[in-house]
Amino acid sequence: MLGSKIAWDDTVLPFQLDKSDVRGRVARLDGVLENVLMQHDYPPAIEALVAEVALLTAMIGQTIKLRWKLSIQIRNDGPARLIATDYYAPTADGKPARIRAYASYDKERLQEDGDAYDNVGNGYFAILIDQGEGMKPYQGITPLTGSSLSNCAENYFAQSEQLPTRFELSFGRSTLSGEDEKWRAGGVMLQKMPKASPSVAPVENEAADGVLKAEDILSEDDFENWNRANILLDSVDSLELIGPSVQPTQLLTRLFHEDQPRVFDAQSVAFGCSCSEASVRNSLSIYSAKDIKTMTTDAGVVSADCQFCGMHYEMDPETLGFEAKAGPDGRSA
Ligand SMILES: [Zn+2]
């Protein structure tokens, strides 16, 4: 087994607890996370926040009927100003979904001691869904609240979708004997099954502090089932979440055997970026020749680096902007 890929690495396994009317995901990320973080040179606290959001993204992205892209953005006034991830749906059955991520942070204010979440201030948690060309993008936003980014995601689903949701995650650098230290992450997501017709929480149940909890949203029976599934999940420990000795299917059996969990096909995930020279050219097409001139380096090129994967692009200024004198191939436009 040493040195070889462990069977459940970089996968999201969907499951359902029919008796409790709860659906869920078990996710493991390791190679993906290494690849995402390798593109950057982030301090450990930022790496931890990016790892957490990447894991949330893998689980949330896989629950959505997605044709193109789901993005998560955490914007705030703390030192960890922005954490952004994208999840691209698989292009065909059997193909991996792709994930990319980056963070923008304030080095001077960053606090490395203590919890990484201390670096997240006031702000919001946003999910954006882009179903591709010709489709109207969807955006949901909720304020950041709780003591972790997972809490913020739980709050997002309660407020924005009226769907009680729970994330139990574990992530960090770890070592398997004989191997280098690597990033590993694993988690379980539980979510109340969405009703066929979306039900909105009645006003009289609205929480006093404005934060909706499961008991504000669900009927008594539903809440009892939801609570039971959560109590079963409480017994999980971080080694079971991260693996590799416990397989996700074994974990589900251990946690939820009374509910006879049903599992579906696992989705593999990989690191992937969608950037291209064409997309960089397109984003520069709004600029005039004068603007393009101010972006031109002494070497006579306009350069751009992809924030997600670090890809470096260099282009001839004559070929850029809406007043371009030549096409990308250098010939007169
Ligand atoms: Zn890129």
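Residues numbered from 1 in each chain as written. Predicted model: local features only at pLDDT ≥ 70, side-chain atom pairs only at ≥ 80, totals over all residues.

1. Description of the overall build of the protein chain
Item 1. Along the protein chain, the regular secondary structure elements total nine helices and 13 strands.
Item 2. Relative to its length of 333 residues, the protein chain is compact, with a C-alpha radius of gyration of 22 Å against a globular reference of 20 Å.
Item 3. Seen along its three principal axes, the alpha-carbon backbone of the protein chain occupies a region of about 70 × 55 × 45 Å.
Item 4. Each of the 333 residues in the protein chain was classed as buried or not, and the buried ones make up 36%. (Helix = DSSP H or I, 4+ residues; strand = E, 2+ residues; numbered from the N terminus. Rg over C-alpha atoms; globule rule 2.2 N^0.38 Å. Buried ≥ 20, exposed ≤ 12 C-beta atoms within 10 Å, placed from the backbone.)

2. Notes on the nonpolar core
Item 1. If you look at the biggest cluster of nonpolar residues, it comprises 77 residues, and the most contacted ones within it are Leu49, Val50, Val53, Ala54, Leu55, Ala58 and Ile99.
Item 2. Sort the elements by how many residues they give to this core and helix H2 (residues 44-63) lands first, with 13 residues.
Item 3. The contact partners of alanine 58, leaving out residues within four places of it in the chain, are Val12, Ala27, Leu29, Tyr87, Ile99 and Val269.
Item 4. Residues Leu284, Ile292, Val302 and Ala324 belong to the second largest nonpolar core, which totals five residues. (Core = buried A, V, L, I, M, F, W, Y, C linked by C-beta atoms within 7 Å. Contact = placed C-beta atoms within 7 Å.)

3. Quick notes on the confidence of the model for the protein chain
Item 1. Of all residues in the protein chain, 92% have pLDDT values of 70 or greater, and the mean over the chain is 90.
Item 2. The least confident element of the protein chain, judged by mean pLDDT, is helix H4 (residues 214-217) at 84; the most confident is strand S3 (residues 69-76) at 98.
Item 3. In the predicted structure, residues 197-204 sits below a pLDDT of 50 and forms seven contacts with residues beyond four places in sequence or in another chain. (pLDDT = per-residue confidence, 0-100.)

4. So, the domain arrangement of the protein chain
Item 1. Here the protein chain is described as being made up of domain 1 (11-271) and domain 2 (278-319).
Item 2. Each of domain 1 and domain 2 has a C-alpha centre, and these two points are 35 Å apart.
Item 3. Taken together, the contact pairs four residues of domain 1 with four residues of domain 2.
Item 4. Residue classes in the side of domain 1 that touches domain 2 are distributed as two nonpolar, one polar and one charged. (Domains from an automatic or database assignment. Nonpolar A, V, L, I, M, F, W, Y, C, P; charged D, E, K, R; others polar.)

5. Quick word on the packing of helix H1 (residues 31-38) against H2
Item 1. Between H1 and H2, whose axes approach to 11 Å, the crossing angle comes to 135 degrees. Between H1 and H2, the interaxial angle falls into the category oblique. The chirality of how H1 crosses H2 is right-handed. Contacts between H1 and H2 involve Leu33, Val36 and Leu37 from the first element and Glu47, Val50, Ala51 and Ala54 from the second. (Axes fitted to C-alpha atoms, helices over the stretch in contact; angles between N-to-C directions. Parallel < 35°, antiparallel > 145°, perpendicular 65-115°, else oblique. Left-handed = near helix turned anticlockwise from the far one by under 90°.)

6. Here's the deal with unusual backbone geometry
A negative phi holds for most residues other than glycine; trans holds for most peptide bonds.
Item 1. Even without being glycine, aspartate 21 reaches a positive phi, approximately 60 degrees.
Item 2. The residue aspartate 21 is located in the loop between strand S1 (11-17) and strand S2 (22-29) in this model.
Item 3. According to the C-beta neighbour criterion, aspartate 21 is partly exposed, with 16 such atoms within 10 Å.
Item 4. Phi is positive for glutamine 260, which is not a glycine, with a value near 45 degrees.
Item 5. Residue classification places glutamine 260 among the exposed positions, given that 12 C-beta atoms sit within 10 Å.

7. Section: the packing of H2 against helix H3 (residues 149-161)
Item 1. Remark: H2 packs on H3, axes separated minimally by 10 Å, with the N-to-C direction vectors making an angle of 35 degrees. At the point where H2 passes H3, the crossing takes the right-handed sense. Here Leu49, Glu52, Val53 and Leu56 of H2 lie close against H3, whose contacting residues are Leu149, Ser150 and Ala153.
Item 2. Within the contact of H2 with H3, the residues separate by chemical class into five nonpolar, one polar and one charged.

8. Thoughts on the pairing of S2
Item 1. Counting buried positions over the eight residues of S2 gives eight, a clear majority of the element.
Item 2. Residues Val22, Gly24, Val26 and Arg28 of S2 are buried on one face, and the alternating residues Arg23, Arg25, Ala27 and Leu29, pointing to the opposite face, are buried as well.
Item 3. Looking at chain direction, S2 and strand S9 (residues 182-192) are connected through eight bridges and run antiparallel. Each residue of the ladder has a partner; that of valine 26, found in S9, is valine 188. (Pairing = 2+ DSSP bridges.)

9. A word on the environment of arginine 75
Item 1. Residue position: arginine 75 is located in strand S3.
Item 2. A tally of 17 C-beta atoms within 10 Å means that arginine 75 is categorised as partly exposed.
Item 3. For the pair arginine 75 and glycine 123, spaced 48 residues apart in sequence, the C-alpha to C-alpha distance is 5.5 Å.
Item 4. Leave out the neighbours within four places in its chain, and arginine 75 touches Leu82, Gly123 and Tyr124.

10. As for the environment of methionine 315
Item 1. Note that methionine 315 resides in strand S13 (residues 312-315).
Item 2. The partly exposed category is assigned to methionine 315, around which 19 C-beta atoms lie within 10 Å.
Item 3. Taking the C-alpha atoms as reference points, methionine 315 and valine 301, 14 residues apart in sequence, are found 5.6 Å from one another.
Item 4. If near-sequence neighbours (up to four positions away) are discounted, methionine 315 is found in contact with Arg281, Val301, Val302 and Leu320.

11. Focus on the environment of threonine 63
Item 1. Inspection of the secondary structure puts threonine 63 in helix H2.
Item 2. Each C-alpha atom of the pair threonine 63 and aspartate 118 lies 29 Å from the other, and the pair is 55 residues apart in sequence.
Item 3. Each residue touching threonine 63, except ones within four places of it in the same chain, is listed here: Arg25 and Gln191.

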